[in-house]
Amino acid sequence: MTILRDVIRADILEITSYPIPDATGFIKLDAMENPYALPWPLPDQLSKRLAQVALNRYPIPHPRSLLDKLKFSLQIPADCDVLLGNGSDELINMIATACSKSGAKILAPAPGFVMYSMSAKLAHVEFVGVPLNVDLTLNMVAMLKAITAYQPAVVYLAYPNNPTGTLFNNADIERIIRAANRSLVVIDEAYQLFAQSTWMSRISEFDNVVVMRTVSKSGLAGIRLGYLVGLPSWINEFDKVRPPYNINVLTQTTLDFMLDHLDVLEAQAAKSRKERSRLAEAIGELSGAHVFPSAANFLLVRVLDATAVFDALIGERILIKNVSKMHPLLAECLRITVGMPDENTQLLATLRKTLH
Ligand SMILES: *Cc1c(COP(=O)(O)O)cnc(C)c1O
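## Topic: a nonpolar patch on the surface
On the surface, M1, I3, L4, V7, I8, I12, M118 and L122 cluster together into a nonpolar patch covering about 720 Å² of accessible area. In terms of residue count, the dominant contributor to the nonpolar patch is helix α1 (residues 2-7) (3 residues). Looking at where I3 falls in the secondary structure, it is placed in helix α1.

Okay, here's the thing in structure tokens:
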């Protein structure tokens, strides 16, 4: 259709959107979801709250009391403001939009979270990926050189990183923050409940740091909610590119409800952390498997033949993610989300049959 070429941007036409597989009937260990459901009686209580929501009204654009509750419940520093996004994916897009000056660049270690480069592309901002070391730690020489050479508008540091699970060294991060003193450094703490380590309390030590989080990996991927925490001057600018009413009423109400039950999500994360250790140890004992250290709710595992292992798991109706083709440093690597104990046991059984 030539009309497509007339209408749609050439760089958009070139994107091959990768298909998200239908996981119906599968053990789903591909997307870092919390595998545990909300325990009784929370679903009943929540449904009563949701039934009272005025669906005919637009959501409150700046839900002050909800934001105050969020700040209080999640130990967000008093001198910081919060911006809510429809998932942190939307916040990442808002950051790219707000920073898309002509010639601007967005920099992140590579391999990293795909949305950093995707959002840059959509906003016509150049993306600079700085390769990690082969052990998937930060290559500080390369990072500092790239920051000097490219003077990026934004530096993303996922803490811990996806898809590697690496928790970058705090002293290295501080050096990057100080070196990137003309850039905004976004510390992406999507896996904070699994890493139990945060930069949140240090935001106001610097004038160029914001912290981003999401509820997706800790049990609420379906409600699409991320939040950006930073000094009011930063948050105020990003708020200007926020689509109006971006957080729908059902999400606002669910968040309000869940903030009273964070202990439930924390207990589920604790189970996942325990399972992460068990899985890492068990997979590490299999021949031809190397497990990278992970502070997230997934493990990155290098095997001899990633496609063969992926296919063997599919044969047993277990879905993981083959990240081999994402980056040269990830050759023959699989990303396995930590599931419930019996799911992990089934995964291990298949891995034992396949790797020996
Ligand atoms: C999953 C993930 C996100 C996206 O989270 P959503 O809130 O679901 O959009 C952001 N950053 C990293 C590093 C992630 O792994």
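Having seen the model, we can carry on.
## A closer look at the layout of surface pockets
Looking at the second largest pocket, its volume works out to about 500 Å³. Looking at the second largest pocket, it is lined by 29 residues, and the ones nearest its centre are L74, Q192, L193, R213 and E266. Broken down by secondary-structure element, the contributors of at least two residues to the lining of the second largest pocket are α4 (64-73), α9 (192-195), β7 (209-214), α11 (249-258) and α12 (262-284). The leading source of residues in the lining of the second largest pocket is α12, at 5 residues. Residues of the lining of the second largest pocket, tallied by class, amount to 16 nonpolar, 8 polar and 5 charged.

## Some words on the domain arrangement of the protein chain
Accessible area lost on assembly of the parts is the figure often given for the size of an interface. Here the protein chain is partitioned into domain 1 (2-40 + 263-354) and domain 2 (55-261). For domain 1 and domain 2, the distance between their C-alpha centroids amounts to 23 Å. With 31 residues of domain 1 in contact, the opposing surface of domain 2 contributes 35 residues. With both chains or domains summed, domain 1 and domain 2 bury close to 2600 Å², and 68% of this area falls on carbon and sulfur atoms. Taken together, the connections running from domain 1 to domain 2 amount to 0 salt bridges. Our count for the contact surface shared by domain 1 and domain 2 stands at 12 residue pairs in polar contact (both at pLDDT 80 or more). Among the elements of the structure, α2 (10-13), α12 and β10 (298-302) are those that each provide at least two residues to the side of domain 1 that touches domain 2. Broken down by element, the residue count for the side of domain 1 that touches domain 2 peaks at 8 residues, all from α12.

## Description of the site of the ligand
Close contacts around the ligand come from 13 residues, with D188, Y191, T214, S216 and K217 the closest. Measuring from an oxygen atom of the ligand, one finds a side-chain N or O atom of K217 at 3.0 Å. The separation between an oxygen atom of the ligand and a polar side-chain atom of R224 is 2.7 Å. Protein chains bury 94% of the 390 Å² of accessible surface belonging to the ligand in isolation. Of the residues in the shell around the ligand, the class split is 4 nonpolar, 5 polar and 4 charged.

## Comments concerning the sheet that holds strand β13 (residues 333-337)
With respect to topology, 4 strands assemble into an open sheet ordered β9-β10-β13-β12, the strand pairing being antiparallel. Looking at which strands have only one partner, the edges of the open sheet turn out to be β9 (290-291) and β12 (321-322).

## Description of the nonpolar core
Of all hydrophobic cores here, the largest spans 57 residues; its most connected members are L70, I76, L157, I187 and Y227. Three or more residues apiece are contributed to this core by two domains, here domain 1 (2-40 + 263-354) and domain 2 (55-261).

## What to know about the packing of aromatic side chains
Given two aromatic rings, their pairing is described by the distance between the two centres and the angle made by the two planes. Per the stated rule, a full pass over the model turns up 6 aromatic pairs. Ring centres of W234 and F238 lie 6.2 Å apart, and the angle between their planes is 10 degrees; this geometry places the pair in the stacked category. Of this pair, W234 and F238 both sit in helix α10 (residues 232-239), 4 residues apart, roughly one helical turn. Under the relative-accessibility criterion, W234 is labelled partly exposed at 26%. When the ring centre of Y36 is taken as reference, the NZ or CZ atom of K271 above it lies at 4.4 Å.

## A look at the packing of α4 against α11
Angle between the axes and distance between the axes are the two parameters that describe a pair of packed helices. Interhelical geometry of α4 versus α11 gives an angle of 40 degrees and a closest axis separation of 10 Å. Here α4 is positioned oblique relative to α11, judged by the angle of their axes. For the crossing formed where α4 meets α11, the hand is left-handed. On α11, the residues touching L66, K69 and L70 of α4 are Q252, L255 and D256. Residues of the contact of α4 with α11, tallied by class, amount to 3 nonpolar, 1 polar and 2 charged.

Parameters at a glance
Residues numbered from 1 in each chain as written. Predicted model: local features only at pLDDT ≥ 70, side-chain atom pairs only at ≥ 80, totals over all residues. Heavy atoms only, no water. Patch = residues over 30% accessible without salt bridge, like charges linked within 9 Å, V, L, I, M, F, W, Y side chains within 5 Å. Areas by Shrake-Rupley, 256 points an atom, 1.4 Å probe, with all protein chains shown as cover. Salt bridge = Lys/Arg side-chain N within 4 Å of Asp/Glu carboxyl O. Helix = DSSP H or I, 4+ residues; strand = E, 2+ residues; numbered from the N terminus. 1 Å grid on protein atoms, 1.4 Å probe; cavity = no way out; pocket = protein on both sides within 12 Å on 5 of 7 lines; lining within 4 Å. Points joined across faces, edges and corners; volume = space filled by probe spheres on them. Nonpolar A, V, L, I, M, F, W, Y, C, P; charged D, E, K, R; others polar. Domains from an automatic or database assignment. Contact = heavy atoms within 4.5 Å. Buried area = accessible area lost by both parts, 1.4 Å probe. Polar contact = N/O pair within 3.5 Å; in protein donor to acceptor, adjacent residues only side chain to side chain. Near = heavy atom within 4 Å. Pairing = 2+ DSSP bridges. Core = buried A, V, L, I, M, F, W, Y, C linked by side-chain atoms within 4.5 Å. Buried < 20%, exposed > 50% of the residue type's maximum accessible area, 1.4 Å probe, protein only. Phe/Tyr/Trp six-rings, centres within 6.5 Å; stacked < 30°, edge-to-face > 60°. Lys NZ or Arg CZ within 6 Å of the ring centre and 35° of its normal. Axes fitted to C-alpha atoms, helices over the stretch in contact; angles between N-to-C directions. Parallel < 35°, antiparallel > 145°, perpendicular 65-115°, else oblique. Left-handed = near helix turned anticlockwise from the far one by under 90°.

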